[in-house]
Amino acid sequence: MKNINLISSITLACLSTITSTVAYADYPDVIINSDIILNYDQKIDLRPAISVPTVADLPDADISVNQFNHESPIKAVGRVVNNRPSGNYGEVISEVDVEVTAVGNNASIDVSGSANPVIGAVQGNQWSSHTAIGEISNNRIDLAEDKIVNLEVTSVGNNLSIDAENSADVESIGLGSIQFNYDSPTAAIGSIVGNGFGVNARGVDPTLTVTAVGNNLSSLAPTTGSLTQINRGSPVTATGLVSRNTGKIGPINVSVTAVGNNISIKQPSTGE
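Thresholds applied
- Residues numbered from 1 in each chain as written.
- Predicted model: local features only at pLDDT ≥ 70, side-chain atom pairs only at ≥ 80, totals over all residues.
- Heavy atoms only, no water.
- Helix = DSSP H or I, 4+ residues; strand = E, 2+ residues; numbered from the N terminus.
- Buried < 20%, exposed > 50% of the residue type's maximum accessible area, 1.4 Å probe, protein only.
- Contact = heavy atoms within 4.5 Å.
- Areas by Shrake-Rupley, 256 points an atom, 1.4 Å probe, with all protein chains shown as cover.
- Core = buried A, V, L, I, M, F, W, Y, C linked by side-chain atoms within 4.5 Å.
- Salt bridge = Lys/Arg side-chain N within 4 Å of Asp/Glu carboxyl O.
- Patch = residues over 30% accessible without salt bridge, like charges linked within 9 Å, V, L, I, M, F, W, Y side chains within 5 Å.
- Polar contact = N/O pair within 3.5 Å; in protein donor to acceptor, adjacent residues only side chain to side chain.
- Pairing = 2+ DSSP bridges.
- Axes fitted to C-alpha atoms, helices over the stretch in contact; angles between N-to-C directions.

Caption draft 1: Representation of the overall build of the protein chain in the model. Of regular secondary structure, the protein chain possesses zero helices and 17 strands. Burial statistics for the protein chain: of 272 residues in total, 44% are counted as buried. Across the protein chain, the fraction of contacts at a sequence separation of at least 24, relative to all contacts at a separation of at least 6, is 84%. Carbon and sulfur atoms make up 47% of the accessible area of the protein chain, which amounts to about 13,300 Å² in all.

Structure, rendered in structure tokens:
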């Protein structure tokens, strides 16, 4: 079993303990230590902590990304509650649009101008929950024409996005990526509850989108290398609720998604 070659180009903040456990994959095995311990006083290498097989050796990275949260919960809360305008003389809530996002680690890389970029990225969370909460409740809402009540709640542990403004110039991408969550739950909660929508509302109401993702990676094709995503003791939950609303309601559109690990590699657009 080999470690990812390009890890030597990345300075990391992880130490392993003596004991380790094995997470069995189809083939080959991925070995993960039972704990990761930070040492803030010295340069530390990831290789003792996680041993990951790779299908291709990569040279030193042109771009190296190291993102790590340790005992650092991330929480975003957005609430629109208990607003009761009179409805007279234009005193109304004519539209509600709420977006709540909590992200542990995010890297967005534009590889425009580089034909064959090599990227090394390690994103990790240990004892660092990610929670996004959105609420629209107990409001009087008189929607204007073509307006909506919209609530979007998103929570992501690790996100890596690789793209190019002109993808036709990118011949291939070499990528060594590790995204992991250790004892770091990801939760997204959205609720639209107890609102009065009136009897003359002309909008489409309400729309609720709740998304929770442990690890997400998106890149352009062709991308070659080693891509590893791990959740250990890290549940991913998404909850959406539309309840006890009165008045002219609907159609109601609710989308609730929970994903542990997601990798998307798309063919570049031709621009035609």
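Picking up after the structure, the text goes on.
Caption draft 2: A look at the nonpolar core. With 20 residues, the main nonpolar core has Val96, Val98, Ile136, Ile141, Val149, Leu151 and Ile192 as its most contacted residues. Counting residues per element, this core draws most heavily on strand E8 (residues 96-110), which supplies four residues. Not counting residues within four places of it along the chain, the set of residues in contact with Val96 comprises Ile136, Ile141, Ile148, Val149 and Asn150.

Caption draft 3: Examining the pattern of salt bridges more closely. Inspection of the entire model under this criterion finds three salt bridges. Glu135 is paired through a salt bridge with Arg79; the nearest N and O atoms lie 2.7 Å apart. Pair noted here: Glu135 is in strand E10 (residues 130-137) and Arg79 is in strand E7 (residues 74-81), with a separation of 56 residues, a long-range link. Ionic pairing is found between Arg140 and Asp142, a salt bridge with its closest N-O pair at 3.0 Å.

Caption draft 4: Looking closely at a nonpolar patch on the surface. A surface patch of nonpolar side chains, amounting to about 230 Å² of accessible area, comprises Ile252, Val254 and Val256. Residue position: Val256 is located in strand E17 (residues 253-266). Relative accessible area serves as the criterion here: at 39%, Val256 is assigned to the partly exposed category.

Caption draft 5: Broad picture of the side chain of Asn159. Mapped onto the secondary structure, Asn159 falls in strand E11 (residues 148-163). Reaching out from Asn159, the side chain makes a polar contact with the side chain of Asn106 at a distance of 2.7 Å. One polar contact links Asn159 to Asn216, side chain to side chain, over a distance of 2.8 Å. Excluding anything up to four places from it in sequence, Asn159 contacts Asn105, Asn106, Ala107, Gln123, Gln179 and Asn216.

Caption draft 6: Examining the pairing of strand E9 (residues 118-126) more closely. Counting buried positions along E9 yields nine of nine residues, so the element is predominantly enclosed. Burial along E9 is two-sided: Val118, Gly120, Val122, Gly124 and Gln126 and Ile119, Ala121, Gln123 and Asn125, pointing in opposite directions, are all buried. Pairing of E9 with strand E12 (residues 173-182) involves nine bridges; the strand directions are parallel. Along E12, the bridge assignment pairs Ile119 with Leu175.

Caption draft 7: Highlighting the sheet that holds E7. Strands sit in the order E7-E10-E13-E16 across an open sheet of four strands; the sheet is parallel. One side of each edge strand has no neighbouring strand; the edge strands of this open sheet are E7 and strand E16 (236-243). In this sheet, adjacent strand axes meet at a mean angle of 0 degrees when their direction is disregarded. In terms of strand pairing, strand E13 (residues 186-193) meets E16 through eight bridges, oriented parallel. Residue Ile189 lies in a different strand from E16, and its bridge partner there is Thr239.

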